[in-house]
Amino acid sequence: GLYGGAGAGEKGEAGFRTATPNSRGQYSDAVLSELESQNDEELEGMSKRVRMLKDISVAIGTEIRSSTALAESMNDRFDSTRTRLKGTMGRMLRMAERTGVGWRVWLGFFLVVAGLFWWVWLF
């Protein structure tokens, strides 16, 4: 037929007509036109996939940037909290030294108060 080994109505493996040149190595205008339209279809499909991959990559980049900013913010907050707790603990230890009562007694007192609050809250 016009398209080489396959008949005019037969399709190749990928759903496209097979195209083989004639004995002089020339393709007919119909074959060239069909091949060009197939190339255009494939190019359009590939362009859509590239756009989709680009959009996904941009979304991933945005998510990574926001996650990094959140992690840095949390790290800063933890550092400031650690500094505050360290200062509070230092003040509590100085207060315990001034009263003449050891830190273990204060710790026991706070544990009893916390236990009392827990008991009232639970029951």
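Residues numbered from 1 in each chain as written. Predicted model: local features only at pLDDT ≥ 70, side-chain atom pairs only at ≥ 80, totals over all residues. Heavy atoms only, no water.

An unreviewed UniProt entry lists the protein chain under the name Protein transport protein bet1, with Cryomyces antarcticus given as the organism.

(A) Region of the structure containing the overall build of the protein chain. What the protein chain contains, in helices and strands, is two helices and zero strands. Per-residue burial over the protein chain gives 5% buried out of 123 residues. As displayed, the protein chain has an accessible area near 10600 Å², and 63% of this comes from carbon and sulfur atoms. (Helix = DSSP H or I, 4+ residues; strand = E, 2+ residues; numbered from the N terminus. Buried < 20%, exposed > 50% of the residue type's maximum accessible area, 1.4 Å probe, protein only. Areas by Shrake-Rupley, 256 points an atom, 1.4 Å probe, with all protein chains shown as cover.)

(B) Broad picture of helix α1 (residues 29-99). With 71 residues, α1 ought to run about 105 Å at 1.5 Å a step, and its terminal C-alpha atoms sit 104 Å apart, in line with that. Of the residues making up α1, those classed as buried are Val-31, Gln-38, Gly-61 and Ala-96. If you follow the buried residues of α1, they end up packed against α2 (103-122). Remark: Gly-100 follows α1 within two positions and exhibits a positive phi of approximately 85°. (Expected span 1.5 Å × (residues − 1). Contact = heavy atoms within 4.5 Å.)

(C) Main features of the pattern of salt bridges. Taken as a whole and assessed by the stated rule, the structure comprises two salt bridges. In this structure, Arg-82 and Asp-79 form a salt bridge, with 3.7 Å as the shortest nitrogen-oxygen distance. Of this pair, Arg-82 and Asp-79 both sit in helix α1, three residues apart, which is roughly one turn of that helix. Since its relative accessible area comes to 32%, Asp-79 is described here as partly exposed. (Salt bridge = Lys/Arg side-chain N within 4 Å of Asp/Glu carboxyl O.)

(D) Main features of the UniProt feature "transmembrane region" (unreviewed entry) in the protein chain. Taking the UniProt record as the reference, the feature "transmembrane region" (unreviewed entry) is found at residues 101-121. Annotation note: span residues 101-121, helix share 90%, strand share 0%, distance between end C-alpha atoms 29 Å. (UniProt positions renumbered as here; feature names shortened; annotations may be inferred.)

(E) Representation of the packing of aromatic side chains in the model. Evaluated as defined, the whole model comprises three aromatic pairs. An aromatic cluster is built from Trp-106, Phe-109 and Phe-110, whose rings are joined through pairwise contacts. (Phe/Tyr/Trp six-rings, centres within 6.5 Å; stacked < 30°, edge-to-face > 60°.)

(F) Inspection of the packing of α1 against α2 at higher detail. Where α1 contacts α2, the axes come no closer than 9 Å and their chain directions differ by 115°. Overall, the two elements α1 and α2 adopt an arrangement that is roughly perpendicular. The element α1 and its partner α2 pack so that their crossing is right-handed. Across the interface between the two elements, Met-92, Leu-93, Met-95, Ala-96 and Thr-99 of α1 pack against Trp-103, Trp-106 and Phe-110 of α2. Residue composition of the contact of α1 with α2, grouped by class: seven nonpolar, one polar and no charged. (Axes fitted to C-alpha atoms, helices over the stretch in contact; angles between N-to-C directions. Parallel < 35°, antiparallel > 145°, perpendicular 65-115°, else oblique. Left-handed = near helix turned anticlockwise from the far one by under 90°. Nonpolar A, V, L, I, M, F, W, Y, C, P; charged D, E, K, R; others polar.)

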